Amino acid sequence: MSEIAKKEELGAIRKLSLDELKQLMIQHGDPAFRAKQVHEWIWKKSARSFDAMGNIPKTTREWLNQHFSLQCVQTDDMQISTDRTIKSSFKLHDGHLVEGVLIPTRERMTACVSSQVGCSLTCSFCATGYMDRKRNLESYEIYDQVVLIRDQAQEKYGIPLTNIVYMGMGEPLLNYANVLKSIEEITSPDGLGMSPKRITVSTAGIAKMIKKLGDDQVKFNLALSLHAANDTKRNQIMPINETNTLVALAEALRYFYDKTENEITLEYIMFNKFNDSVEDAKELWEFARKLPCKINIIEYNPIAQASFVNAEADALAKFTAFLESKKMIVNVRRSRGKDIDAACGQLAGKKTA
């Protein structure tokens, strides 16, 4: 029997709630407080083995090893860019690979994490969109990426992690329950204790799930990968728009803000002679002015599967000048880690599992 098959037979203990863990411990003959100790080792101390749980009796640790698995994510490969960005290939317990990125800037240390193995959406400018979706990540697999990237920030640069963006491989809102559970684990005082205001979830635009975020009154920020502000153009590059039109998305974003008052960001990659004219800027303004939002203009990062080209500097200047003349909050984001295929839209897990 393979090691993966053996692990599949073992129970994934991190799927259990604290109450379920308590019942488990009592059934084994341990005192109820043992569950709290194990829970703390798992989530607050990010233990990567039962043997590391120093205050748990040896007999209990042996029993846990026999019947359960932590299914920890492992760093399979790591590349460091000339701009200090670090891209990691993470191996999951079943052999699948996902990628995550540490993005260091003067102001912050950001972890960019994946939510799916591959992606079911087929955005034409994104390398992940050319992959098949193999499966959703479990909440603890997302959590592990944050822990591993956090440790990289400390080990390589001596600076703590400040921000998390769900902008890696996959569509977070198509893995809704696990994404929200991972954020709960990351922000809980019993977990990593990070502020939800320092977390941004990015979506290609699924209107009903954006509304669900509002209904669930989430505390984190939301980003919409817009990239075109008329339906004809957006349909060409993002087929999800055919069933989630700009009108539906604007309504959903307004609903989300009314329910949460959380920050909304519109992400807009500029492609040469496709969506980079002043007319395109006017359409973006027409969409954005109805929402409390800021706009991030993003440099396009070439991929082998597509023929898009980054917008020219003159077009970018005119585009941003128009938006600023309309009193929009606009940030121009330069690519990080392009030389190691770690930049926006380039994550594709090039190794095969």
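Residues numbered from 1 in each chain as written. Predicted model: local features only at pLDDT ≥ 70, side-chain atom pairs only at ≥ 80, totals over all residues. Heavy atoms only, no water.

Within an unreviewed UniProt entry, the label attached to the chain reads Probable dual-specificity RNA methyltransferase RlmN, and the organism entered is Aquirufa ecclesiirivi. Its UniProt record gives the chain the following Subcellular location (unreviewed entry) comment, quoted word for word: "Cytoplasm". Reading the Sequence similarities (unreviewed entry) entry of the UniProt record for the chain gives the comment "Belongs to the radical SAM superfamily. RlmN family." (UniProt positions renumbered as here; feature names shortened; annotations may be inferred.)

Let us now look at the sheet that holds strand β11 (residues 221-225). Taking strand neighbours across the sheet as the criterion, the 10 strands line up as β3-β4-β5-β6-β9-β10-β11-β12-β13-β14 in an open arrangement whose pairing is mixed. With one partner strand each, in any of the chains shown, β3 (74-80) and β14 (330-333) form the two edges of the open sheet. Along the sheet, successive strands turn relative to each other by an average axial angle of 25 degrees, direction set aside. Bridge analysis of strand β10 (residues 199-203) against β11 gives four bridges, and the strand direction is parallel. When the sheet's bridge partners are listed, Thr 203 is paired in β11 with Leu 224. Sheet strands in contact with helix α10 (residues 278-288) are β11, β12 (264-270) and β13 (293-299), and its direction is about 165 degrees off that of β12. (Pairing = 2+ DSSP bridges. Helix = DSSP H or I, 4+ residues; strand = E, 2+ residues; numbered from the N terminus. Axes fitted to C-alpha atoms, helices over the stretch in contact; angles between N-to-C directions. Contact = heavy atoms within 4.5 Å.)

Next up on the list: helix α2 (residues 18-28). Listing the buried residues of α2 in full gives Leu 21, Leu 24 and Met 25. All buried residues of α2 lie within an arc of 95 degrees about the axis, which places them on one face of the element. Those residues of α2 that are exposed and aimed more than 90 degrees away from the buried face are Asp 19 and Gln 27. The positive-phi residue at the C-terminal boundary of α2 is Gly 29, with phi of around 100 degrees. (Buried < 20%, exposed > 50% of the residue type's maximum accessible area, 1.4 Å probe, protein only. Arc of directions from axis to C-beta.)

Below, the discussion takes up the side chain of Asn 296. Along the chain, Asn 296 turns up in strand β13. For Asn 296, the side chain forms a polar contact with the side chain of Asn 331, separated by 3.3 Å. In this view, Asn 296 contacts Thr 265, Leu 266, Glu 267, Tyr 268, Asn 331 and Arg 333; residues no more than four positions away in its chain are not counted. (Polar contact = N/O pair within 3.5 Å; in protein donor to acceptor, adjacent residues only side chain to side chain.)

Take empty space enclosed by the protein next. Enumeration over the complete set of coordinates arrives at one cavity of 30 Å³ or more. If you go around the largest cavity, the residues you meet are Arg 14, Ile 42, Ser 46, Ala 47, Arg 48, Cys 72, Tyr 143, Asp 144 and Val 147. Tallying contributions element by element places helix α5 (residues 139-157) first for the lining of the largest cavity, with three residues. Of the residues in the lining of the largest cavity, the class split is five nonpolar, one polar and three charged. (1 Å grid on protein atoms, 1.4 Å probe; cavity = no way out; pocket = protein on both sides within 12 Å on 5 of 7 lines; lining within 4 Å. Points joined across faces, edges and corners; volume = space filled by probe spheres on them. Nonpolar A, V, L, I, M, F, W, Y, C, P; charged D, E, K, R; others polar.)

Mapped onto the present numbering, the UniProt feature "binding site: S-adenosyl-L-methionine" (unreviewed entry) falls at Gly 170, Glu 171, Ser 202, Ser 225, Leu 226, His 227 and Asn 301. Assignment of secondary structure puts Glu 171 in the loop between β9 (163-166) and α6 (176-187). A relative accessible area of 2% means that Glu 171 is categorised as buried. Once you skip the residues sitting within four places of it in the chain, Glu 171 turns out to touch Ser 115, Gln 116, Cys 119, Leu 121, Ser 202, Thr 203, Ala 204, Gly 205 and Ile 206. On the basis of relative accessible area, Ser 225 is assigned to the buried category, the value being 14%. In contact with Ser 225, other than residues within four places in its own chain, are Ser 202, Thr 203, Ala 204, Arg 234, Met 238 and Glu 267.

Interaxial distance between α2 and helix α4 (residues 58-67) falls to 12 Å at its minimum, and their mutual angle equals 115 degrees. Taken together, α2 and α4 sit at an angle that is classed as roughly perpendicular. Relative to α4, α2 is oriented so that their crossing is right-handed. Each of Leu 24, Met 25 and His 28 in α2 lies in contact with α4, whose residues at this interface are Thr 60, Trp 63 and Leu 64. Across the contact of α2 with α4, the residue classes break down as four nonpolar, two polar and no charged. (Parallel < 35°, antiparallel > 145°, perpendicular 65-115°, else oblique. Left-handed = near helix turned anticlockwise from the far one by under 90°.)

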